[in-house]
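Close look at the chain arrangement
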There are 2 protein chains.
Amino acid sequence: MASVYQQMSTPELDAAIAELEHAADEVRACGLSLDMARGKPSPEQTALSRPMLDMLTSDTPLVDGNAIVDNYGTPDGLPCARKLAAEILGVDPANVIVNGSSSLNLMHDLVVNALTRGIAGQKPWCHQGEIKFLCPSPGYDRHFAITASFGITNVPVPLLEDGPDMDVVAELVESDPQVKGIWCVPKYANPTGITYSDEVVRRFAALKPAAPDFRIFWDNAYAVHAFGDEDDELLNIFAALEDAGNDNLVYEFGSTAKVTFPSSGLAFVTASDADMAEIRAAFAVSRVSCEKFSQLAHVRFLRDLEGVQEQMAKHAAIVRPRFELVERKLTEGLGGLGIATWTHPHGGYFVSFEGPEGSAKAIVSLMKELGVVMTGAGATWPYGKDPRDTNIRIAPTYPSLENLGEALDVFVIAVKLIAARMERAKR
Amino acid sequence: MASVYQQMSTPELDAAIAELEHAADEVRACGLSLDMARGKPSPEQTALSRPMLDMLTSDTPLVDGNAIVDNYGTPDGLPCARKLAAEILGVDPANVIVNGSSSLNLMHDLVVNALTRGIAGQKPWCHQGEIKFLCPSPGYDRHFAITASFGITNVPVPLLEDGPDMDVVAELVESDPQVKGIWCVPKYANPTGITYSDEVVRRFAALKPAAPDFRIFWDNAYAVHAFGDEDDELLNIFAALEDAGNDNLVYEFGSTAKVTFPSSGLAFVTASDADMAEIRAAFAVSRVSCEKFSQLAHVRFLRDLEGVQEQMAKHAAIVRPRFELVERKLTEGLGGLGIATWTHPHGGYFVSFEGPEGSAKAIVSLMKELGVVMTGAGATWPYGKDPRDTNIRIAPTYPSLENLGEALDVFVIAVKLIAARMERAKR
């Protein structure tokens, strides 16, 4: 479909550009300072967890069964915290380690372990020549940064409506022993918000990697983060593995960073028996113990999966109007113009926006000039290189509704102006 | 000096052995179950920090200056926590990162960073062939385990009364570019309890390493952990570096694991400007944020260095009688027998014991049989190999005074019995 600007005569287009530039000048004159850059909960959301700070006092018994909270020991985490984490992920607590407050840090450390010590009886990756990781794109910049920081080659693979393009993934994983991992956010993916279909999960579970030390980094960051009426269903990858008769293939991660407090939540990892034995051996060297006070406070506050769901319903009530505002503002401002598409997630923290080819960097740059910081264009692709320069990640949760509305109005102007200018430049 | 057993006639020695075996049998019959294995604070000590659990409530303002406690951000740690950590180490807060609850984990991650990404403009250690770390021995088993786990060669160097043998250290560091680091506990060293002399610190500061990517891992774990009347003075390594006109040589670490709560304290690192820039870049990939609630609670509880010292005086009151008991029991039981020596530290968590050559494994093994778990013999040496098999680490803090007394009585019997048997075997 031709865009609204393609359909205009050149004088009409010039007039439209002049009008948009005038609108942009007016915004510029306001001196806005708004931030839509990162997937951060808003202050209203973090306030939901304040009661957690009353859960432990100097009188609290500092034990959990036989585990001692206020001294070394229990490196896998308090039993009660492992149980809660296992409920969130739908796995066996015996195969869960709760440690630290950052699941990204756990992912980092498992890449490090394979890189430096080797896994599955193989040589360390750092002595196996070029190592490749598959990066469904658009995806999560901090995932890609971990592997890139070690000189691992990040290979983009298409992320479709129902998950990564599994024909491409299977071809690469099953033919190339240098492919050692893939970064996945299987539910409410960052940034598109899609959830992997059962078929995609089954194809992951049935992979026969060329490398015995290939692992799927299954970052189930948004397992309980629906904000609409509908919660996407993600097939349990470990159940799928069992059905496929496959094993030692998946590291699954989760956290409560966006359930309770960012940077002070619980982080956890689960894997097969054999993989967990390797993970425990690695952690025994680097992580003597864990933050058991935080674990105990979390369990006292959240109780169980039902308690988590109650807490997430409160988050949803705050988050949902923001996503509805994104949908409304983009539809009103850009709907039917033939210049942009965007996603309509049921959960998670992002809307993924696709502008005209070659527009994203220019739009984000103009937004910055107009006083609105967005995630850098290209950030959702390995090495920051979006090959078509179309993708922009919208993170609507942190700003107030009022600020978000202003920011989106500016965004609509910026997208239209860049699209119109690009059309003009072609003539 | 000939030992008491060497001076005995063989019948006398046989009688002594029979008597000691009888004593051991009596102990065995008691079915003791005591633990002197790890440097853990006792429950009385951790109880000192319970009031910290009342410091934060749902009403606490969750800010520290401009820093937000309950959301992402401030990756170097809260300003108030960095200030406290800087006071403990006597350095500039601008060069301090407070992150996580385990300084060992920070050390691990800085070895990883050099190993995988490289530091000081050099290739990653993992692509530089054989890498060596110097290990003043006896030393801390968990230090040695980090480097060993990556296949780094741990090279023991003698630990003398005033610190590592600096002639040996300087020779190795300044001639061999494969030597990339040294593990140091400069104050109340684990396990001997000695503090490095000013001269040793100055010689460290004046090192001219053959490798530009050599670093001293200066684990100042017991900076404020005196328990006697006398507190050893450790020369500030960064002041010494400045005097020596040297730079980019030291990573210094500290924690409050044994000030507040093991596994839930604050961990921190400091280094030169250039080194801190590298550390920040590495942490930006692996550690998005930090446990700011714990940091705020710590600062509210400990306040400042004076508050830390008040807290440590309370620890000292609990710890000191235990160390006095060790000194008394060993002197009463083994003094003047010519079979053993031990250290007399003013602070820290350990007494280092030296038995007859070839006795340590046998003593620890007999102790286990008699119901007392000790740190494994050899653990204080790289690869668990004490070349003379003499060193045993005594960790007196965790057991109650009563249990500690029982354990030490058993220890005296075990040492005497093994020493006597060894003498008998020679005849």
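Residues numbered from 1 in each chain as written. Chains lettered and ligands numbered in written order. Predicted model: local features only at pLDDT ≥ 70, side-chain atom pairs only at ≥ 80, totals over all residues. Heavy atoms only, no water.

A look at the overall build of chain A
Threshold: Numbering goes from the N terminus for both helices and strands, where a helix is a DSSP run of H or I of at least four residues and a strand is a run of E of at least two. For the exposure calls, accessible area comes from a 1.4 Å probe over protein chains only, and a residue counts as buried if that area is under 20% of its type's maximum, exposed if over 50%, partly exposed in between. Positive charges are assigned to Lys and Arg, negative charges to Asp and Glu, while His and the chain termini are left out of the count. Positions of charges follow a simple convention, taking NZ of Lys, CZ of Arg, CG of Asp or CD of Glu.
Scanning chain A for helices and strands turns up 13 helices and 15 strands. The principal-axis extents of the C-alpha atoms in chain A amount to approximately 75 × 55 × 35 Å. Going through the 427 residues of chain A one by one, you find that 61% of them count as buried. Once the 37 positive and 57 negative side-chain charges of chain A are each reduced to a mean point, those two points are 5 Å apart.

Brief notes about the packing of aromatic side chains
Counted only if it meets this: We call Phe, Tyr and Trp rings a pair once their centres come within 6.5 Å, taking the six-membered ring for Trp, and we label the pair stacked below 30 degrees between planes, edge-to-face above 60, and tilted otherwise. In our convention, an over-ring charge means Lys NZ or Arg CZ found within 6 Å of a ring centre and within 35 degrees of that ring's normal.
Within the structure shown, the criterion is met by 28 aromatic pairs over all chains. On the basis of an interplanar angle of 25 degrees and a centroid distance of 4.1 Å, the ring pair of phenylalanine 227 of chain B and phenylalanine 323 of chain B is categorised as stacked. You can see phenylalanine 227 of chain B sitting in the loop between strand 9 (215–219) and helix 9 (237–244) and its partner phenylalanine 323 of chain B sitting in helix 12 (residues 305–334), a full 96 residues away along the chain. Residues phenylalanine 227 of chain B and phenylalanine 323 of chain B agree in their burial class; the two are buried. Summarising the aromatic geometry, the rings of tryptophan 342 of chain B and phenylalanine 353 of chain B are spaced 6.5 Å apart at their centres and angled 5 degrees between planes, so their arrangement reads as stacked. With tryptophan 342 of chain B in strand 12 (residues 341–342) and phenylalanine 353 of chain B in strand 13 (residues 351–354), this pair connects stretches of sequence that are eleven residues apart. What links up through ring pairs into an aromatic cluster is the set Trp125, Phe133, Trp183, Phe217, Tyr251 and Phe253 of chain A. Cation over ring: lysine 40 of chain A sits above tyrosine 398 of chain A, and NZ or CZ is 4.5 Å from the ring centre.

Some thoughts on the interface of chain A and chain B
The parts lose accessible area when they come together, and the size of an interface is often stated as this lost area. Operational definition: We call two residues contacting when some pair of their heavy atoms lies within 4.5 Å. By buried area we mean how much accessible surface two parts lose on assembly, using a 1.4 Å probe and totalling the loss over both. Any Lys or Arg side-chain nitrogen located within 4 Å of an Asp or Glu carboxyl oxygen qualifies as a salt bridge. Under this definition, polar contacts are N or O atom pairs within 3.5 Å; protein pairs additionally need one hydrogen-donor-capable and one acceptor-capable atom, and for neighbouring residues in sequence, both atoms have to be side-chain atoms. Under the scheme applied, nonpolar residues are Ala, Val, Leu, Ile, Met, Phe, Trp, Tyr, Cys and Pro; charged residues are Asp, Glu, Lys and Arg; polar residues are all the others, including Gly.
Each side of the interface is counted separately: chain A has 52 residues, and chain B has 52 residues. Between chain A and chain B the total buried area reaches about 4,300 Å² when both faces are included, carbon and sulfur atoms providing 53% of it. The tally of links from chain A across to chain B stands at zero salt bridges. Our enumeration of links across chain A and chain B arrives at 25 residue pairs in polar contact (both at pLDDT 80 or more). Of all elements in the fold, only helix 4 (103–116), helix 5 (141–149), helix 9 (273–286) and helix 10 (292–302) of chain A reach the threshold of two or more residues within the side of chain A that touches chain B. For the side of chain A that touches chain B, the element with the most residues is helix 4 of chain A, which contributes seven residues. By residue class, the composition of the side of chain A that touches chain B is 23 nonpolar, 17 polar and twelve charged.

Quick word on the packing of helix 13 (residues 360–369) of chain B against helix 14 (residues 401–426) of chain B
Residues and elements named next belong to chain B. For the record, the criterion: For helices, the fitted line uses only the C-alpha atoms of the stretch in contact; every axis is such a line through C-alpha atoms, and the angle between N-to-C directions lies from 0 to 180 degrees. Roughly parallel covers angles under 35 degrees, roughly antiparallel covers those over 145, roughly perpendicular covers 65 to 115, and oblique covers all other angles. By definition, any crossing whose near helix is turned counterclockwise from its far helix by less than a right angle is left-handed, and any crossing with a clockwise turn is right-handed.
For the pair helix 13 and helix 14, the least separation of the axes is 9 Å and the interaxial angle reads 135 degrees. One finds that helix 13 runs oblique with respect to helix 14. Helix 14 is crossed by helix 13, and the crossing has right-handed handedness. Across from Ala362, Ile363, Leu366 and Met367 in helix 13, the residues of helix 14 making contact are Ala407, Val410, Phe411, Ala414, Val415, Leu417 and Ile418. For the contact of helix 13 with helix 14, the class distribution of residues is eleven nonpolar, no polar and no charged.

What to know about the nonpolar core
Heads up, the condition is: Residues belong to a common nonpolar core when they are buried Ala, Val, Leu, Ile, Met, Phe, Trp, Tyr or Cys residues joined through side-chain atoms within 4.5 Å.
Ranked by size, the top nonpolar core spans 135 residues in total, and within it Phe204 of chain A together with Phe204 of chain B carry the most contacts. The residues contacting phenylalanine 204 of chain B, other than those within four sequence positions of it, are Pro164, Met166, Val169, Ile182, Cys184, Tyr196, Ile216, Trp218, Ile237 and Leu249 of chain B. Residues Ala114, Cys135 and Ile146 of chain A together with Leu115 of chain B belong to the second largest nonpolar core, which totals 66 residues.

Describing the pairing of strand 15 (residues 391–394) of chain A
All names here are of chain A. In plain terms, the rule: Two strands pair under a simple rule: DSSP has to find at least two bridges between them.
Burial along strand 15 is two-sided: the face carrying Asn391 and Arg393 and the face carrying Ile392 and Ile394 are both buried. In terms of strand pairing, strand 13 (residues 351–354) meets strand 15 through four bridges, oriented antiparallel. If you follow valine 351 over to strand 15, its bridge partner there is isoleucine 394.

Here's the deal with the environment of alanine 379 of chain A
All names here are of chain A. Assignment of secondary structure puts alanine 379 in the loop between strand 14 (372–374) and strand 15. In sequence terms alanine 379 and tyrosine 140 are 239 residues apart; their C-alpha atoms lie 7.9 Å from each other. Sequence-distant contacts of alanine 379, that is, excluding residues within four places in its chain, are made with Asp141 and Gly384.

Some points on the environment of glycine 335 of chain A
All names here are of chain A. Examined against the element boundaries, glycine 335 turns out to sit in the loop between helix 11 (305–334) and strand 12 (341–342). Residue classification places glycine 335 among the partly exposed positions, given a relative accessible area of 35%. Non-local contacts of glycine 335, meaning those with residues more than four positions away in its chain, are made with Leu330 and Trp342.

Section: the sheet that holds strand 7 (residues 163–164) of chain A
Residue and element names in this part refer to chain A. Strand order in the open sheet formed by eight strands is 4-11-10-9-8-5-6-7, and the pairing between neighbours is mixed. A single partner strand is all that each edge strand has here, and the edge strands are strand 4 (96–98) and strand 7. Strand contacts of helix 5: strand 5 (132–137), strand 6 (153–160), strand 8 (179–184) and strand 9 (215–219), with the helix running at about 160 degrees to strand 8, the strand carrying the most contacts. Each of strand 9, strand 10 (250–255) and strand 11 (267–270) touches helix 8 (residues 237–244); the most contacted strand, strand 10, lies at about 165 degrees to it.

As for helix 12 of chain B
Condition: The angle between axes fitted to the seven-residue stretch ending at a residue and the seven-residue stretch beginning at it gives the bend at that residue.
Of all the bends in helix 12 of chain B, the greatest reaches close to 30 degrees and is centred on isoleucine 318 of chain B; the proline proline 321 of chain B follows between one and four positions later. Backbone geometry just after helix 12 of chain B places glycine 336 of chain B at a positive phi near 75 degrees.

Focus on the sheet that holds strand 12 of chain B
Pairing in this open sheet of three strands is antiparallel, and the strands run 12-13-15 (chain B) from one edge to the other. Only two strands of the sheet have a single partner each, and these edge strands are strand 12 and strand 15 (391–394) of chain B.

Some points on the confidence of the model for chain A
For the record, the criterion: By definition, pLDDT measures how confident the predictor is in each residue, and it falls between 0 and 100.
With 100% of its residues at a pLDDT of 70 or more, chain A has an overall mean of 97. Interface confidence for the predicted complex, given as ipTM, is 0.96, next to a pTM of 0.97.

Brief notes about the relation of the copies chain A and chain B
Defined as follows: A least-squares fit on C-alpha atoms brings the copies together, and the residues used are those whose pLDDT is at least 70 in both copies.
Overlaying chain A with chain B gives an RMSD of 0.0 Å, the required rotation being 180 degrees about an axis along which the chain moves by 0.0 Å. The transformation just described matches what one would write down for a two-fold rotation axis. Here 100% of the contact residues of chain A are again contact residues in chain B; the copies associate through an equivalent surface.

A word on a negative patch on the surface
Threshold: Patches here are clusters of residues that have more than 30% relative accessible area and form no salt bridge, with a 9 Å joining cutoff for like charges and a 5 Å cutoff for nonpolar side chains (Val, Leu, Ile, Met, Phe, Trp, Tyr). Computed with the Shrake-Rupley method and a 1.4 Å probe, the accessible areas treat only the protein chains shown as cover for residues.
Residues Asp92, Glu242, Asp243, Asp247 and Asp273 of chain A make up a contiguous surface patch of negative charge. Examined against the element boundaries, aspartate 243 of chain A turns out to sit in helix 8.

Let's talk about the side chain of aspartate 70 of chain A
Its place among the elements puts aspartate 70 of chain A in the loop between strand 3 (67–68) and helix 3 (79–89). Among buried charged residues, aspartate 70 of chain A stands out as having no salt bridge; its nearest opposite-charge side chain is arginine 50 of chain B, 5.0 Å away. Within the structure, the side chain of aspartate 70 of chain A is placed 2.9 Å from the side chain of threonine 46 of chain B, a separation counted as a polar contact.

Focus: unusual backbone geometry
Here the amide bond leading from serine 137 of chain A into proline 138 of chain A is cis, since omega sits at 5 degrees, within 30 degrees of zero. Residue arginine 303 of chain B is not a glycine yet carries a positive backbone phi of 65 degrees. Mapped onto the elements, arginine 303 of chain B comes out in the loop between helix 11 (292–302) and helix 12. For arginine 303 of chain B, a relative accessible area of 44% corresponds to the partly exposed category. One non-glycine residue, aspartate 389 of chain B, lies in positive phi territory at about 50 degrees.

Considerations on the pairing of strand 9 of chain A
Residue and element names in this part refer to chain A. Applied cut-off: Here a crossover is taken to be right-handed if, once the strands point away from the viewer, the path from the first strand over the helix to the second is traced clockwise.
The buried count for strand 9 comes to five of five residues, which makes it a mostly enclosed element. Covered by surrounding structure in strand 9 are Arg215, Phe217 and Asp219 together with Ile216 and Trp218, the residues of both alternating faces. Sheet topology note: the strand 8/strand 9 ladder contains four bridges and is parallel. Looking across to strand 9, one finds that cysteine 184 is bridged to tryptophan 218. A crossover connection joins strand 8 to the parallel strand 9 through helix 7 (residues 198–205); in handedness this β-α-β unit is right-handed.

Focus on the pattern of salt bridges
Under the criterion given, the structure shown has 44 salt bridges over all chains. Among the ionic pairs, arginine 38 of chain A bridges to aspartate 141 of chain A, the shortest N-O distance being 3.0 Å. Here arginine 38 of chain A, found in the loop between strand 1 (34–36) and helix 2 (43–47), pairs with aspartate 141 of chain A, found in helix 5; they are 103 residues apart in sequence, far enough to count as distant. Its relative accessible area of 28% is what places arginine 38 of chain A among the partly exposed residues. Look at aspartate 141 of chain A and you get buried, because its relative accessible area is 16%. Residue arginine 328 of chain B is joined to glutamate 332 of chain B by a salt bridge in which the shortest nitrogen-to-oxygen separation is 3.4 Å. Of this pair, arginine 328 of chain B and glutamate 332 of chain B both sit in helix 12, four residues apart, which is roughly one turn of that helix. Using a relative accessible area of 43% as the deciding quantity, one classes arginine 328 of chain B as partly exposed. Through salt bridges with shared partners, one network takes in Asp25, Arg28 and Glu369 of chain A.

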